[in-house]
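Structural description and commentary
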Amino acid sequence: MNTFSPGPRVRVSSAAGVLSVIPHLLGFTPRDSLVVVGVTAAGRVQLAFRYDLPDPPNASAAAQIAGHALDVLVRHHLPLAVVAGYGPGPSVTPLADALRAAAPSAGVRLHDVLRVEGGRYWSYLCTNPACCWPEGVVFDPAADPVSQALTAAGLRTLPSREAVAATIAPVTGTSADAMRQATAQAERAASRLIARKGTGALIGPGLTAVRAAIGLYRDGGSIRPPIGYAWLALMLRELPVRDDAWARMDPQHQVAHRRLWVELVRRAQSGYVAAPASLLAFTAWQAGDGALANLALDRALADRPDYSLALLLRD
């Protein structure tokens, strides 16, 4: 789910305009998806969230998704929504029907319910053949003035959710080899420190490492040697160190923080991914980037399925 803070403001007055905005709201172009855009009483987009289309389609899954979507809208006090299903009619229509049936009792008005496939869209609510042609309305999201304005303002759009996942995928090749060696070196150094000073020996160095890394990235720098990434990832396994990093996630520096945690998540070795991935999820959530936040949580929970911070953020 993506929630939005003040940024570029555009006016959308057509179905094609809404569909041109959706990729910018999500950060990627959806496919085989149901997207719900929540709108305030004043007519401003407040959030957008996405579901995979049930495969195979079935009424029970459609009712469950519709119920959850409406609960989200009600919880955020959003009385109006636009729904867009991306995929073939047999997959989208059960969801559209379930939402249309349940929305009135939830107090949510559906401004439009659309289906998108093959560069065309259809409306489940509009029956006027003068504007909603039976064969679908051709549209080009990239050519829409609203989409062009958002692109010019820097709202990125990747071609798919998989493309977003690729931005935080583990490094490969010589970079991966260097990180494996650096992690082993960091583990040996930490073991020697604990042997000399006891079980709490890593907290002080860890707090120092966190402060230094965050300051470096806020100043536009980057960690260079692999041992720097390995040492920071190892230190973040200490909960006081991780929580100190969490407390330093000032939204004013979210671009720098995202860059730090993306670079660390990509390099952290197995057993060390959960903490930086959770911190990345938090900074992505601060920025309203629900796609990246959820994918970062996938990385965190794949590393440690019981990691409490990741489970908290996902909830």
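Above this text you will find the structure in question.
Residues numbered from 1 in each chain as written. Predicted model: local features only at pLDDT ≥ 70, side-chain atom pairs only at ≥ 80, totals over all residues. Heavy atoms only, no water.

**With respect to the packing of helix H6 (residues 173-197) against helix H8 (residues 226-235)**
Using the following cut-off: In this analysis an axis means a line fitted to C-alpha atoms, helices contributing only their contacting stretch, and an angle means the value between N-to-C directions, from 0 to 180 degrees. Per the convention used, a helix needs a DSSP run of H or I reaching at least four residues, while a strand needs a run of E reaching at least two, with both numbered from the N terminus. Here is the rule for angles: anything less than 35 degrees is roughly parallel, anything more than 145 is roughly antiparallel, 65 through 115 is roughly perpendicular, and the remaining ranges are oblique. Crossing handedness is read from the near helix: turned anticlockwise from the far helix by less than a right angle, it gives a left-handed crossing, and turned clockwise, a right-handed one. Two residues form a contact once any of their heavy atoms are found within 4.5 Å.
Interhelical geometry of H6 versus H8 gives an angle of 55 degrees and a closest axis separation of 8 Å. Classed by the angle they form, the pair H6 and H8 counts as oblique. Pair H6 / H8 crosses with right-handed handedness. Here H6 contributes Ala 178, Met 179, Ala 182, Thr 183, Gln 185, Ala 186, Glu 187, Ala 189 and Ala 190 to the contact with H8, which in turn contributes Pro 226, Ile 227, Tyr 229, Ala 230, Trp 231 and Leu 234.

**Considering the side chain of Thr 183**
Put simply, the rule is: Whether a residue is buried, partly exposed or exposed follows from its accessible area with a 1.4 Å probe, protein chains only, as a fraction of its type maximum: under 20%, in between, or over 50%, in that order.
Along the polypeptide, Thr 183 turns up in helix H6. Assessed through its relative accessible area of 9%, Thr 183 is described here as buried. The contacts of Thr 183, once residues within four sequence positions are left out, are Ala 230, Gln 269 and Tyr 272.

**Overview of the packing of aromatic side chains**
For clarity, the threshold we go by: We call Phe, Tyr and Trp rings a pair once their centres come within 6.5 Å, taking the six-membered ring for Trp, and we label the pair stacked below 30 degrees between planes, edge-to-face above 60, and tilted otherwise. Geometrically, a lysine NZ or arginine CZ counts as sitting over a ring once it is within 6 Å of the ring centre and also within 35 degrees of the ring normal.
Scanning the entire structure with this criterion turns up 4 aromatic pairs. For the ring pair Phe 49 and Tyr 51, a centre distance of 5.8 Å and an interplane angle of 80 degrees mean the geometry is edge-to-face. Comparing Phe 49 with Tyr 51 shows no difference in burial state: the two are buried. These aromatic residues form a ring-pair network of at least three members: Trp 246, Phe 282 and Trp 285. The side chain of Arg 115 reaches across the aromatic face of Trp 122, ending 4.3 Å from its centre.

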